[in-house]
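The lines below spell out each chain.
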Amino acid sequence: MMARLEHANITVRDAASTAAWLGRAFGWGIRWEGSAMNEEGYTIHMGTDADYLALYQPKSAKGGVRPDYLTSGQLNHIGIVVDDLDATEIAVRAEGYEPHSHQDYEPGARFYFYDENEIEYEIVAYD
């Protein structure tokens, strides 16, 4: 039996803005977009043909809270694999985000950053 993660659904304040920077930083495209949750919100599926992030924007969004790694059921970070870690860091910085926690480890390297929704992303490149 084979299984793979197809998508994660996350709440954001501005789906169009989040989709735009994801597209610029990672080269992703919009797979689908439209009304969601009984037309009380809007969703954009942003990613590749194989997988994506569903960016859900409710009618009224609350501010995000940085993950504490202690709260059960909380999303801690989203991991994204890239071919060129240095080029991706340049793209992330160009979007106004501040990379942190750079680490080299077998079999690759990584860094993290928070977006405007307080969602943490782990960017990984494998050797």
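Residues numbered from 1 in each chain as written. Predicted model: local features only at pLDDT ≥ 70, side-chain atom pairs only at ≥ 80, totals over all residues. Heavy atoms only, no water.

What about the overall build of the protein?
And then number 1: Helix and strand counts for the protein stand at 2 helices and 8 strands.
And then number 2: Tracing the protein from N to C terminus, the helices and strands come up as β-α-β-β-β-β-α-β-β-β.
And then number 3: In terms of C-alpha radius of gyration, the protein reaches 15 Å, essentially the compact-globule figure of 14 Å for 127 residues.
And then number 4: Judged by the C-alpha coordinates and their principal axes, the protein covers about 45 × 35 × 30 Å.
And then number 5: Looking at the protein as a whole, 40% of its 127 residues are labelled buried.
And then number 6: Within the protein, counting contacts between residues at least 6 apart in sequence, those at least 24 apart form 48% of the total.
And then number 7: For the protein, the exposed surface amounts to about 7800 Å²; the carbon and sulfur share of it is 49%. (Helix = DSSP H or I, 4+ residues; strand = E, 2+ residues; numbered from the N terminus. Rg over C-alpha atoms; globule rule 2.2 N^0.38 Å. Buried < 20%, exposed > 50% of the residue type's maximum accessible area, 1.4 Å probe, protein only. Contact = heavy atoms within 4.5 Å. Areas by Shrake-Rupley, 256 points an atom, 1.4 Å probe, with all protein chains shown as cover.)

Details of the nonpolar core
And then number 1: Ranked by size, the top nonpolar core spans 27 residues in total, and within it Leu22, Phe26, Leu55, Phe113, Tyr121 and Ile123 carry the most contacts.
And then number 2: Contributions of two or more residues to this core are made by helix 1 (15-26), strand 3 (41-47), strand 4 (52-58), strand 5 (78-81), helix 2 (85-94), strand 7 (108-114) and strand 8 (120-126).
And then number 3: Considering every element that reaches this core, the biggest residue donor is helix 1, with 6 residues.
And then number 4: Look past the residues within four positions of Phe113 in its chain and what remains in contact with it is Trp21, Phe26, Val92, Tyr97, Glu98, Pro99, His100, Ile119, Glu120, Tyr121 and Ile123. (Core = buried A, V, L, I, M, F, W, Y, C linked by side-chain atoms within 4.5 Å.)

Regarding the environment of Ala54
And then number 1: Residue placement: Ala54 occurs in strand 4.
And then number 2: C-alpha separation for the pair Ala54 and Glu33, spaced 21 residues apart in sequence, amounts to 9.1 Å.
And then number 3: Once residues within four sequence positions are removed from consideration, Ala54 is found in contact with His7, Ala8, Asn9, Ile10, Thr43, Ile44 and His45.

Remarks on the pattern of salt bridges
And then number 1: Enumeration according to the criterion identifies 6 salt bridges in this entry.
And then number 2: One salt bridge connects Arg93 with Glu98, and the closest N-O pair in it is separated by 3.0 Å.
And then number 3: The exposure class assigned to Arg93 is partly exposed, which follows from its relative accessible area of 38%.
And then number 4: The network of salt bridges with shared partners includes Glu89, Arg93 and Glu98. (Salt bridge = Lys/Arg side-chain N within 4 Å of Asp/Glu carboxyl O.)

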